[in-house]
Every structure is written in C-alpha cells, then in structure tokens.
Amino acid sequence: MTPVEELARRVVDAERLVVLTGAGLSAASGVPTFRGADGLWRQYRVADLATPEAFARDPRLVWEWYDWRRGMIRRARPNPGHEVLAAWAARPGVTLVTQNVDGLLERAGADPIRLHGSIWHLRCWRPCAAGRTAWRDETTPLATLPPPCPHCGGHARPDVTWFGEPLDRTSLEAAAQAAAGADVCLAVGTSAVVFPAASLLPLARQHGAWTAEINIEATDASGAVDLAVRGKSEEVLAEAQRIVAS
Ligand code: OAD
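Below, the structure is looked at part by part. A quick note: this is a predicted structure, and the numbers were derived from the prediction, not measured.

The end-to-end C-alpha distance of helix H6 (residues 59-75) is 24 Å, a good match for the 24 Å that 17 residues give at a rise of 1.5 Å each. Buried residues in H6 make contact with helix H3 (40-43), helix H4 (46-49), helix H5 (52-57), helix H8 (104-107), strand S4 (117-124) and strand S6 (156-160).

Right, here's the structure in full:
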C-alpha cells in the first residue's frame, strides 16, 4: 500500500477525523507561507508587523501590510486541497481546524474552526464596548488606513491573533476537544512550530488517534506521527480523494 492509499483508507474508516491546516495548504493558491523559501517571515519582521506593540507604534504600517495581503488573497482561488477538505468536512464527524486567516477553506464551502482569526474581520483596537465583536469587511483596498471603528471612530485592527496574544478561547477549546476525541488526526501544510496549534496533533495522539502529516518537507511533527506523507497538499489530497471516492 502506498502512503497516500494508507491515508485514504484511514480517512474512509475514521469516525472522528480532525484536520489541522497551515499556510502550505494555500501555497498553491498563490498565498505565501510564513517560513518556507519565499515565506513572509523571511522578508518581514514579526516584531514590525504582527504584534500589538507594532500596531501601537505604527498602525498605518501594519495596516499597509494587511491591506496588501488582503488584496493578494482576494485574487487567490481555493485550490484542490481546500476543495477536498471541504468535501470531507461535509461528512459527519469531520472537524477542520485552520491556522490560516485567508478564508479560502470557507470559500471552498467549509466552516473550519479558525485558531488565528480572519483577515476579513476587523475589530476595535481600543477596544470600545461595541467594537469588541468583530465585523466582516471585505473591502480591498480599504478606503483609509488605518480603517476606523464604525462604533467609536478609533482605529480598527485586523481580527487576527498576533504574537504574544492568546488565541480565542472558544475556538481553542473546540479544537482541543475535537482533537482529544479524534480517531484520525491529520496536519496539512503546517511547520508545526507555532503553539498552541502545534499541540493538537500530539494531543490527539495521546488520546489514541492515528496521526499523519502532509508536507513537502520534514517538520517538527514528522517524528511523532504514524505516517508522514511527503508531497504537495493540493496533489496528495486530490489523490487521496480519488481513492476515497473509488
Ligand atoms: P509556515 O509558513 O510556518 O509553514 C508552512 C508549511 O507548509 C511548511 O512546513 C512548508 O514546508 C509547507 N508547505 C509549503 N507548501 C506546501 C504545499 N504545497 N503542500 C504541503 N505543504 C506545503 O505556516 P504555518 O505552519 O501555518 O500565525 O504557520 C503557523 C502560524 O505562524 C501562522 O498561522 C501565522 C504564522 O506566523 C499567525 O499569523 C498568528
């Protein structure tokens, strides 16, 4: 049996499947990853763009970067990897958990647990009482940078998790619960270095799940999974789906 055949068999047999996705899933859509060869963190400094301190110091600079990324993501389309996962997620017992803020799984028809927020949602930076709840704004480019909070007129911020910030508790609890109850858990296109997202696969394994990784290269998770499939997620998932459907 090939690794992809084994993966497909596990997916078919799974009663509770959890799939954790990362930036590699969207690479084939033209959305840059963070740590790969052309990764964003090779060109930009986290401390300048993705921390609350950076925003406090220079909100316009931070927003210029997010506005640029929003434009790029808007032009992107879901790839076969997103489409296969969306098809699997239509089955009962399948939970998708994503670190991606791009909304491409959603555009493929899925409703993943978003661990790191959404680049298409904004919330008040201060935050004012009404602006604690995020609102959707898909305008790109945004009319003014930084965009104003519609409730108080102060600065709005992207509703994403920055370094040094806690993850949304409800999303993290839902993801951890799904991972702990999974019989199969897959990590797709993630370097598995950012916690707590990276703890979901080991958590699933501790609770008895069969685990696998799909990635073009070895990661921090590779040594701790039952099966490491080397390949592009858009190709591996499409091949697995052909087997699942046959
Ligand atoms: P990374 O950029 O750290 O890792 C992307 C992974 O995808 C790498 O392991 C690549 O080898 C792999 N990869 C690239 N192209 C692929 C393809 N076509 N198929 C399969 N794998 C491929 O991205 P994440 O692990 O998602 O956080 O990063 C986690 C978090 O760090 C992000 O959510 C972001 C970032 O800073 C926040 O924004 C809070």
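That covers the picture; the talk isn't over yet.
So, about the side chain of Ser 222. By secondary structure assignment, the location of Ser 222 is in the loop between strand S8 (210-215) and strand S9 (227-230). For Ser 222, a relative accessible area of 15% puts it in the buried group. Engagement of the side chain of Ser 222 in a polar contact is seen with the side chain of Glu 213, the distance being 2.8 Å. Those residues in contact with Ser 222 that sit more than four places away from it in its chain are Glu 213 and Arg 230.

The final tally for this structure, using the stated rule, is ten aromatic pairs. Ring plane angle 50° and centroid distance 4.6 Å describe the contact between Phe 55 and Trp 125, whose orientation is recorded as tilted. Here Trp 125 lies in the loop between S4 and strand S5 (135-136) and Phe 55 lies in helix H5, a separation of 70 residues in the sequence. Here Phe 55 falls in the buried class, since its relative accessible area comes to 1%. A connected cluster of aromatic rings, assembled from ring pairs, spans Phe 34, Trp 41, Tyr 44, Phe 55, Trp 63, Trp 65, Tyr 66, Trp 68, Trp 125, Trp 162 and Phe 163.

Further remarks concern the site of the ligand. The immediate surroundings of the ligand are formed by 24 residues, with Phe 34, Arg 35, Thr 190, Ser 191 and Asn 215 found nearest. His 116 places a side-chain nitrogen or oxygen 2.8 Å from an oxygen atom of the ligand. In isolation the ligand has 790 Å² of accessible area, and contact with the protein removes 93% of it. Looking at the shell around the ligand, the elements that each hand over two or more residues are helix H2 (24-27) and helix H11 (233-245). Across the shell around the ligand, the residue classes tally to seven nonpolar, 13 polar and four charged.

Attention now moves to the side chain of Asp 102. Summarising the element assignment, Asp 102 is placed in the loop between strand S2 (94-98) and H8. The buried charged residue Asp 102 lacks any salt bridge partner; its closest oppositely charged side chain belongs to Arg 69, at an N-O distance of 7.5 Å. A polar contact is formed between the side chain of Asp 102 and the backbone nitrogen of Leu 104, at a distance of 2.9 Å. Filtering out sequence-adjacent residues up to four positions away, Asp 102 remains in contact with Ser 26, Val 31, Ile 73, Ile 119 and Trp 120.

A word on the pattern of salt bridges. Using the criterion set out here, one finds 14 salt bridges in the structure. Here Arg 10 ties to Glu 6 by a salt bridge, and the two come within 4.0 Å at their closest N and O atoms. Of this pair, Arg 10 and Glu 6 both sit in helix H1 (residues 3-13), four residues apart, roughly one helical turn. Judged by relative accessible area, Glu 6 falls into the partly exposed class, the value being 22%. Two residues, Arg 70 and Asp 137, come together in a salt bridge whose shortest N-O distance is 4.0 Å. Remark: Asp 137 occurs in the loop between S5 and S6 and Arg 70 occurs in helix H6; sequence separation between them is 67 residues. For Arg 70, a relative accessible area of 0% puts it in the buried group. The exposure class assigned to Asp 137 is buried, which follows from its relative accessible area of 19%.

What follows deals with unusual backbone geometry. Of note, the amide linkage connecting Thr 140 to Pro 141 takes the cis form, showing an omega dihedral of -5°. Relative to the assigned elements, Pro 141 resides in the loop between S5 and S6. Between Phe 195 and the following residue, Pro 196, the backbone shows a cis peptide bond with an omega angle of 5°. Residue position: Pro 196 is located in the loop between strand S7 (184-188) and helix H10 (200-206).

Let us look at the sheet that holds S7. Read from one edge of the open sheet, six strands run S3-S2-S1-S7-S8-S9, paired in parallel fashion. Unpaired on one side and paired on the other, strand S3 (113-114) and S9 mark the two borders of the sheet. Direction of pairing for S2 relative to S3: parallel, over a ladder of two bridges. By the bridge assignment, Thr 98 is partnered in S3 with Arg 114.

What counts, and at which threshold
Residues numbered from 1 in each chain as written. Predicted model: local features only at pLDDT ≥ 70, side-chain atom pairs only at ≥ 80, totals over all residues. Heavy atoms only, no water. Helix = DSSP H or I, 4+ residues; strand = E, 2+ residues; numbered from the N terminus. Expected span 1.5 Å × (residues − 1). Contact = heavy atoms within 4.5 Å. Buried < 20%, exposed > 50% of the residue type's maximum accessible area, 1.4 Å probe, protein only. Polar contact = N/O pair within 3.5 Å; in protein donor to acceptor, adjacent residues only side chain to side chain. Phe/Tyr/Trp six-rings, centres within 6.5 Å; stacked < 30°, edge-to-face > 60°. Near = heavy atom within 4 Å. Areas by Shrake-Rupley, 256 points an atom, 1.4 Å probe, with all protein chains shown as cover. Nonpolar A, V, L, I, M, F, W, Y, C, P; charged D, E, K, R; others polar. Lys, Arg positive; Asp, Glu negative; His and termini not counted. Salt bridge = Lys/Arg side-chain N within 4 Å of Asp/Glu carboxyl O. Pairing = 2+ DSSP bridges.

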